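Descriptive analysis of the structure
Each chain, written out:
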Amino acid sequence: MQTQEALTFGFDIGIASVGWCVLGENRIVDLGVRCFDAAETADKGESLNLARRTARLMRRRLRRRVWRLTKLARLLKRAGLIADVAVLKQPPGKGCKTPNVWQLRVQGLDRKLEPEEWARVLYHIVKHRGFHWLSRAEEKKAEADKKEGGKVKQGLSDTQRRMAEKGYRSAAEMVLAEFPDAQRNKAGDYSKALSRALLADELALLFQRQRELGNPHAGEELEIAILGKGDRKSGLLWEQKPPLAGADLLKMLGRCTLECRGGPDGKGEYRAPKASFTAERHVWLTRLNNLRIVVDGVTRPLNEEERRIALPLPYQQAGDLSYKQLRAALTKAGHGGFQFAGLAEDKEKDTLVKLPAWQTLRKTLKEAGLEPEWRGMASAALDGDARLLDDIAYVLSVFKDGAEVEAELRKLSLPGGEKMIEALAGISFDKFHNLSLKALRKIVPHMEAGLRYDEACQEAGYHHSQPNQKGSGKTKYLPPFYAGRDKDGRMVFAEGLDVPKNPVVLRALNQARKVLNALVRRYGSPSFVHIEMARDLSAPSRLVWNGPPDDVSLGGCKNNSSPRLWG
């Protein structure tokens, strides 16, 4: 049934229901609610995919481990150490002088091992190959982890200390002497944790001693196949799937919501690292330009002199900037006698802005004795040339392997040379902004002049809430989030839609889409759409209908201080 009067659709979107109402000019046409299961567990509020994802990652890890050991067993068979690869999965035979492989590893330093004994030693070390940090940044993060990562780091340090203090020749010798009753860690206990580098040293020493003792199966070719070429990447001991980084990470990275064309593949510019100076500058200018103070009962933004005082404050201190600190700076300069609009006096200790990447870089380089070099880069960025700091943030956000990070940093014109590279290699960032550096570099200069984000977007040729041109992509119904399935049966998101990846948000929005489309089919296109979002949907707003009937494009939407439905 189609009606001719102007209709307004209203939605209250929650994580387990969508309430809706159809309003005429002076009457309620229809109303109801659509209920569905929330995409989270009822007891802990965790994602329904968490258990499946955890099990899937475990299966992958075990499958890779089995394949690595299978390749090792085949290698040992080709080398003539064993006649059947299955023998390594069975208890030691009568030919072995000791059934304890830990003891075999120690005895291998002093006597020639039989072929099967030597095979079991190699298999045991590669199977239990210890822990390895992929980068110094990953190791540094573990130091601050009070949970599992910190325990592993402490355990590795303890075993390394024991090796140095008591002069043990190998990790196995240390473990048998220090832990004679149990040589393996138990759940939650990492006191016997061994680093992969320590085990690699033991394996290299075993190969050397076995060659000296006349073992014909300890040749350099077998050693290289297991230990690699010294790069800690090649060889079965070091074989490991690299972390998602570089080009692989960019495939998973979202595109800029304003620069929807261009980029390396024409599908849009990649999003900027949140750690880049330009992205953090955008955050600070947004907070500053939106700040309102009350003076003599009049609410106003900061004037030019007040902004000049406030602008450098977050960069001049070692921590976050609070409202109280901003008040103190303004009062000291003779601009007191005001209240922050919408902020109670007892809340002035709250943080006004955080610049975590700036503070991390400043602290790290200062501790490394590179403070003059840091001041040079920081001054250039504050004066308007932030390209070097942006490039550093890009490398530390996109690349994760330590060697790759160092290689990419060497491509930059960094002051301080290798010392700077070594310091920066201990840092890693992992979050990205919604906008690209290309868009931010057009917008931020206008925000420096005091314009709000929406005003700066307009001056830069963008629309902050309508990335597509009005009227483009018209469709009567909201399009689905998915374009189909891939070869493995997984759903593939439609290109051109900035679909949220949070499963709770995604399910709520998809249900809201179905409700709206059903209402459009029954009553026709509305003149207005009003949306009240749930607590979980906290992104910037995008969707209040302000276009003509039959136009369900993003161009027909405007800001209404509520979270977006999609990009």
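Residues numbered from 1 in each chain as written. Predicted model: local features only at pLDDT ≥ 70, side-chain atom pairs only at ≥ 80, totals over all residues. Heavy atoms only, no water.

What follows is about the sheet that holds strand 4 (residues 292–295). The three strands lie next to each other as 5-4-7, forming an open sheet whose pairing is antiparallel. Strand pairing shows two members of the sheet lacking a second neighbour, strand 5 (298–301) and strand 7 (339–340), which therefore form its edges. Direction of pairing for strand 4 relative to strand 7: antiparallel, over a ladder of two bridges. Opposite V294, over in strand 7, you have Q339 as the bridge partner. (Pairing = 2+ DSSP bridges. Helix = DSSP H or I, 4+ residues; strand = E, 2+ residues; numbered from the N terminus.)

This part covers the sheet that holds strand 3 (residues 28–35). The sheet built from four strands is open, its strands ordered 3-2-1-11 with mixed pairing. What marks the edges here is a single partner per strand, and that holds for strand 3 and strand 11 (528–532). Taking each pair of neighbouring strands and ignoring which way they run, the sheet shows an average axis angle of 15°. The sheet contact formed by strand 2 (residues 17–23) and strand 3 spans seven bridges and is antiparallel. Across the sheet, C21 pairs through a bridge with L31, a residue of strand 3. (Axes fitted to C-alpha atoms, helices over the stretch in contact; angles between N-to-C directions.)

For the rest of this paragraph, the subject is the environment of D37. When you line up the elements, D37 lands in the loop between strand 3 and helix 1 (49–78). Exposure remark for D37: the relative accessible area of 61% places this residue in the exposed category. Sequence separation between D37 and A16 is 21 residues, and the spatial gap between their C-alpha atoms is 5.5 Å. (Buried < 20%, exposed > 50% of the residue type's maximum accessible area, 1.4 Å probe, protein only.)

On to the state of the cysteines, then. The tally for this structure, following the rule as stated, stands at zero disulfides. No disulfide involves C457; its sulfur sits 9.5 Å from the nearest other cysteine sulfur, which is in C256. The class of C457 is buried, set by a relative accessible area of 0%. (Disulfide = S-S within 2.5 Å.)

Both faces of the sheet carry side chains from a regular strand, because those side chains alternate between them. Only one face of strand 11 is buried: it carries V529 and I531, and the other face, with F528, H530 and E532, is open. In this sheet, strand 11 lies alongside strand 1 (residues 8–13) in parallel orientation, the contact comprising five bridges. In the sheet register, D12 faces strand 11, and the bridge partner there is E532.

All right, on to the pattern of salt bridges then. Counting across every chain of the model gives 29 salt bridges. The partner of R169 in a salt bridge is E173, and the shortest N-O contact between them spans 3.0 Å. We note a salt bridge from K411 to E408, for which the minimum N-O separation is 3.1 Å. Residue classification places K411 among the exposed positions, given a relative accessible area of 62%. What you see here is one network of salt bridges that share partners, running through D110, R169 and E173. (Salt bridge = Lys/Arg side-chain N within 4 Å of Asp/Glu carboxyl O.)

Nothing here speaks to function; it is geometry throughout.
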